[in-house]
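Listed below are the residues making up each chain.
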Amino acid sequence: MATAKSQIAKTKNKKFKGTKRDTFKSMVDILLGLQWGDEGKGKIVDVLAPKYNVVARFQGGPNAGHTLEFDGMKHVLHQIPSGVFREDCMNVIGNGVVLDPVIFKKEVESLTEKFKMDLTKNLVISTKTAIIIPTHRMMDAAQEKAKGDAKIGSTLKGIGPTYTDKVSRHGLRLGDILSDKFQEKYEAVKARHLQWLSFLEYTPEGLEEAEAIFFAACDFLKSFKLAETEYLVNKELAKGNSVLAEGAQGSLLDIDFGSYPFVTSSSTTAAGVCSGLGVAPNKIGEVYGIFKAYCTRVGSGPFPTELFDNTGEEMRREGNEFGATTGRPRRCGWLDLPALKYTVMLNGVTQLVMMKADVLNIFENLEVCTAYKLPNGEVTEEMPYDICDTEVTPIYTTVKGWNCSLEGITDFDKLPQELKDYVAYIEEQVGVPIKFVSTSPDRTATIAR
Ligand code: GDP
Ligand code: IMO
Ligand code: MG
């Protein structure tokens, strides 16, 4: 039998190869939004998914609404990854996500009914995923109400309170539903919530009924594959299988780098993939950064290029800019380059995807914000710390619009010259190539270069 000493000597003689980037067979690519969400992530994940073995959500929860259109059908996903319509693609809900069992159940039932899918086969959910319980939603509503005019404009899905419980180490995790102590743990969390709700003078109406639905949904979840998905994802990579991490929300809503406090409660940037899926930074490959050819925002918070005039109204109409989760009208405005450069930097974007070019077809000229003027007269191309309290004035450059239909164009070279110039201008400003241009909601209307 080898002694410990001889074992060490043997190990020393072996050349240690280490965990260099190039020794991994495969990487995690990321697709994430570079603006305030709703950039079209669902559509592009669905387009890219056939290239990947696994599609994984790493943060956010049912505040997301990812729209997919194909074969004349439209479907909005909230909790389930957008690789779900591609055969042989495994879908993972990672530990960084917050999951509402009730919304999940409804979503699964709708997919089963509409598409005859059996999601127990190609969906795996992390046991470490935080669970949204009925009182989390009530706390969201109570907190927003208490904020009055300063409200965040939350989707009221309980996202903030659930992440708060996770970080303050009071929360419930999906793995807990398998324990016979689940009810006990639940009651303890609920009791804290009820105290808090009483402090905010909020009456938790309909709680008993909501709880019955919640527990039924937890039972429903037990028929799915629940696992330590960090092992699963890393094993897939070790086998040489490819993984696409699907972002929710957008980088300008990031808890650290967004316009705080008008943000969501998770890390929406590339950094969130490592903690939200359990993959190391040296396993990150391509970062697809997706942005609209203009900007939208839903909810409160600063939006320097927001248009309050007819042009903004036309963008909303042409782009059908109404929230996929809440139906709220989205605020619309011109493309904001300082904001885009900021999020490209934060995420290490390697390829850009430009969405909804067709929405700008109606305009003869387009404005692009290149810098901000601060109240003291200073001009900056960086995001000011106090953007929520400072009136920044965008400085615009006018570029010529294409002012024609893009319908039926499938080849980048056949796009109108003005659109190609717009693409080249953004690439030059941002320093990253635009590899895809999207011209309609349908999966097929995606021009690759
Ligand atoms: P996500 O949250 O990033 O997945 O985006 P949403 O689904 O919330 O919002 C994007 C909306 O734009 C959806 O209604 C899509 O169907 C639609 N959409 C996506 N790409 C295009 C495009 O190129 N042109 C137009 N007109 N609509 C698009
Ligand atoms: P997808 O994934 C757009 C916004 C809300 C609000 C703020 C905080 O579809 O792009 P929350 O419910 O997280 O407490 O809300 O963030 N928001 C989104 N806006 N798209 C989303 O997701 C969003 N998820 C949250 O409107 O301003
Ligand atoms: Mg959306």
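As shown above, the structure is provided for reference.
Conventions adopted
Counting restarts for each chain: residues are numbered from 1 in the order of the written sequence. Each chain gets a letter, beginning with A, and each ligand a number, beginning with 1, in the order they are written. Whole-chain, interface and lining totals are the exception, using all residues; otherwise, since this is a predicted model, local features are given only for residues with pLDDT of at least 70 and side-chain atom pairs are given and counted only at 80 or more. Heavy atoms throughout the structure, all of them, feed into the side-chain values; hydrogens and water do not. One heavy atom within 4 Å of a molecule or strand makes the whole residue count as near it. Here a polar contact is recorded for every N or O atom pair within 3.5 Å, except that within protein the pair must consist of a potential hydrogen donor and a potential acceptor, and residues adjacent in sequence are included only if both atoms are side-chain atoms. All accessible-area figures derive from a Shrake-Rupley calculation using a 1.4 Å probe, and residue coverage is judged against the displayed protein chains alone. Residues are grouped as follows: Ala, Val, Leu, Ile, Met, Phe, Trp, Tyr, Cys and Pro are nonpolar; Asp, Glu, Lys and Arg are charged; every other residue, Gly included, is polar. Relative accessibility thresholds used throughout: buried, under 20% of the residue-type maximum; exposed, over 50%; partly exposed, between the two (1.4 Å probe, protein chains only). Helix and strand definitions follow DSSP, with helices as H or I runs of at least four residues and strands as E runs of at least two, each counted in order from the N terminus. Note on pairing: two strands pair once DSSP finds at least 2 bridges between them. Here the axes come from fitting lines to C-alpha atoms, over the contacting stretch only for helices, and the angles between their N-to-C directions go from 0 to 180 degrees. The contact criterion used is simple: two residues touch if any of their non-hydrogen atoms lie within 4.5 Å. Each metal site is built from N, O and S donor atoms within 2.8 Å (3.2 Å for Na, K and Ca), and since water is not included, such sites may look incomplete.

Student: Describe the site of ligand 2, listing the residues and the values that go with them.
Tutor: In the vicinity of ligand 2 there are 20 residues, among which D38, K41, H66, T155 and T264 approach most closely. Backbone polar atom of G153 to an oxygen atom of ligand 2: 3.3 Å apart, as the coordinates give it. Within the side chain of R328, a nitrogen or oxygen atom sits 2.9 Å from an oxygen atom of ligand 2. The fraction of the free accessible surface of ligand 2 (550 Å²) that becomes covered by protein chains is 97%. Of the residues assigned to the shell around ligand 2, the class counts are seven nonpolar, ten polar and three charged.

Student: Outline helix α2 (residues 41-48), supporting the account with residue identities and numerical values.
Tutor: Most of α2 sits out of view: seven of its eight residues are buried. Every buried residue of α2 is accounted for by K41, G42, K43, I44, V45, D46 and L48.

Student: Let's hear about the sheet that holds strand β7 (residues 123-126): which residues, and what values?
Tutor: With respect to topology, ten strands assemble into an open sheet ordered β9-β7-β5-β2-β10-β1-β11-β15-β19-β20, the strand pairing being mixed. Here the strands that pair on one side only, and so sit at the sheet edges, are β9 (225-227) and β20 (446-448). For this sheet, the mean inter-axis angle between neighbouring strands, taken without regard to orientation, is 20 degrees. Contacting β11 (284-292), β15 (351-355) and β19 (434-438), helix α13 (residues 417-430) runs over the sheet at an angle of about 140 degrees to β15.

Student: Hey, could you go over the coordination of the magnesium ion (ligand 3) for me, with residue numbers and the actual values?
Tutor: Every protein donor of the magnesium ion (ligand 3) is accounted for by D38 (OD) and G65 (O), and the metal-donor separations fall at 2.1 to 2.2 Å. Here G65 lies in the loop between β2 (54-57) and β3 (66-70) and D38 lies in the loop between β1 (28-33) and α2, a separation of 27 residues in the sequence. Using a relative accessible area of 11% as the deciding quantity, one classes G65 as buried.

Note that all results are geometric; they support no functional claim without further evidence.
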